[in-house]
Amino acid sequence: MRGFWSVQIVAESAHSSLGAAALTAAFNVGAGILGFPGGGWIADRRVRAGKGRKPLAVTCAAVHTVLAVAFGVSLLGDGKPSLLLLGLILFCSGLFFNALQPIVHGILGDLAAEEHRGQLFGLFDLVAEIGAVASPVVSGILRDATGSWAPGVFTAAGVMAVSVGLHAMVRERIPGRGAA
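Just so we're clear, the structure is a prediction, and the values are computed from it rather than from any experiment.

Colleague: Quick one: what's the story with the overall build of the protein, residue by residue and with numbers?
Modeller: Scanning the protein for helices and strands turns up 7 helices and 0 strands. Mapped in sequence order, the helices and strands of the protein form the string α-α-α-α-α-α-α. Burial statistics for the protein: of 180 residues in total, 38% are counted as buried.

The following block contains the structure:
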């Protein structure tokens, strides 16, 4: 649902021009501009207050999952979904998805020994980017097989739901305190 292929999903599903779809999907950019620094700022405030980032990570992942399901539901049916609705869902889900990144990176930085942080971030990004590479391919195959983008969006939402559980299992180390 994220990134460059959201334009194609919006264009086909809403039966709109590529320009209108691109404008709608451009909300992704705005969500990134707000979400990345916003997520990092909120996470850093929690740490300064002696609290952990993990609840934020779980919340962001869960909200993004719910919004991905809502996006998939909006693609179902014979009618054409509203460009405004699709844009609003993309923007809101993008805020939470983009906010999740600095939160998780902060948790990783706190967990890793200083001399191993580069290796950890490299490995994390390698694994995380597999989804970014595979998602458009898998979604495209599902779209070709079913005639709808909804199954691909629901698959992405399912993967994100699994990540909610994985985030919940992390034993966070809060700076200045023991493991939480």
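The rest of the description comes next.
Colleague: Tell me about helix α3 (residues 27-48), residues and numbers included.
Modeller: Compared with an ideal rise of 1.5 Å per residue, which puts 22 residues at 32 Å, α3 spans 31 Å between its outermost C-alpha atoms and is within 8% of the ideal. Taken together, the buried positions of α3 are N28, A31, G32, G35, G39, G40, A43 and V47. G50 sits one or two residues past α3 and shows a positive phi near 80 degrees.

Colleague: Which residues make up the nonpolar core, and what are the values?
Modeller: One finds A57, C60, A61, L100, I103 and V104 to be the most contacted residues of the largest nonpolar core, which totals 13 residues. Elements with a minimum of two residues in this core: α4 (54-75), α5 (83-111) and α7 (150-169). At 6 residues, α5 tops the list of elements feeding residues into this core. If near-sequence neighbours (up to four positions away) are discounted, L100 is found in contact with A57, C60, A61, M160 and H167. Counting 9 residues, the second-largest nonpolar core is a separate cluster that includes I89, L90, A150 and V153.

Colleague: Got a sec to walk through the pattern of salt bridges? Specific residues and values, please.
Modeller: Evaluated as defined, the whole model comprises 2 salt bridges. The partner of R53 in a salt bridge is D44, and the shortest N-O contact between them spans 3.5 Å. A relative accessible area of 7% places R53 in the buried class. On the basis of relative accessible area, D44 is assigned to the partly exposed category, the value being 36%. A salt bridge links D110 to R53; its shortest N-O distance comes to 2.2 Å. Taken together, the residues D110 in helix α5 and R53 in the loop between α3 and α4 connect sequence positions 57 residues apart. Taken as a pair, D110 and R53 share a single burial class, namely buried. Salt bridges sharing partners connect three or more residues here, namely D44, R53 and D110.

Colleague: I'd love a proper account of the packing of α3 against α5, names of residues and values included.
Modeller: Interaxial distance between α3 and α5 falls to 7 Å at its minimum, and their mutual angle equals 35 degrees. Once α3 is placed against α5, the crossing between them reads as right-handed. Mapping the contact onto sequence places F27, N28, G30, A31, G32, L34, G35, F36, G39, G40 and A43 in α3 and G87, L90, F91, G94, L95, N98, A99, Q101, P102 and I103 in α5. Class assignment of the residues belonging to the contact of α3 with α5 gives a composition of 11 nonpolar, 10 polar and no charged.

Colleague: Before we move on, can you summarise the side chain of D110 with the specific residues and values?
Modeller: On the basis of relative accessible area, D110 is assigned to the buried category, the value being 18%. Separated by 2.2 Å, the side chains of D110 and R53 make a polar contact. The residues contacting D110, other than those within four sequence positions of it, are R53, R173 and P175.

Parameters at a glance
- Residues numbered from 1 in each chain as written.
- Predicted model: local features only at pLDDT ≥ 70, side-chain atom pairs only at ≥ 80, totals over all residues.
- Heavy atoms only, no water.
- Helix = DSSP H or I, 4+ residues; strand = E, 2+ residues; numbered from the N terminus.
- Buried < 20%, exposed > 50% of the residue type's maximum accessible area, 1.4 Å probe, protein only.
- Expected span 1.5 Å × (residues − 1).
- Core = buried A, V, L, I, M, F, W, Y, C linked by side-chain atoms within 4.5 Å.
- Contact = heavy atoms within 4.5 Å.
- Salt bridge = Lys/Arg side-chain N within 4 Å of Asp/Glu carboxyl O.
- Axes fitted to C-alpha atoms, helices over the stretch in contact; angles between N-to-C directions.
- Left-handed = near helix turned anticlockwise from the far one by under 90°.
- Nonpolar A, V, L, I, M, F, W, Y, C, P; charged D, E, K, R; others polar.
- Polar contact = N/O pair within 3.5 Å; in protein donor to acceptor, adjacent residues only side chain to side chain.

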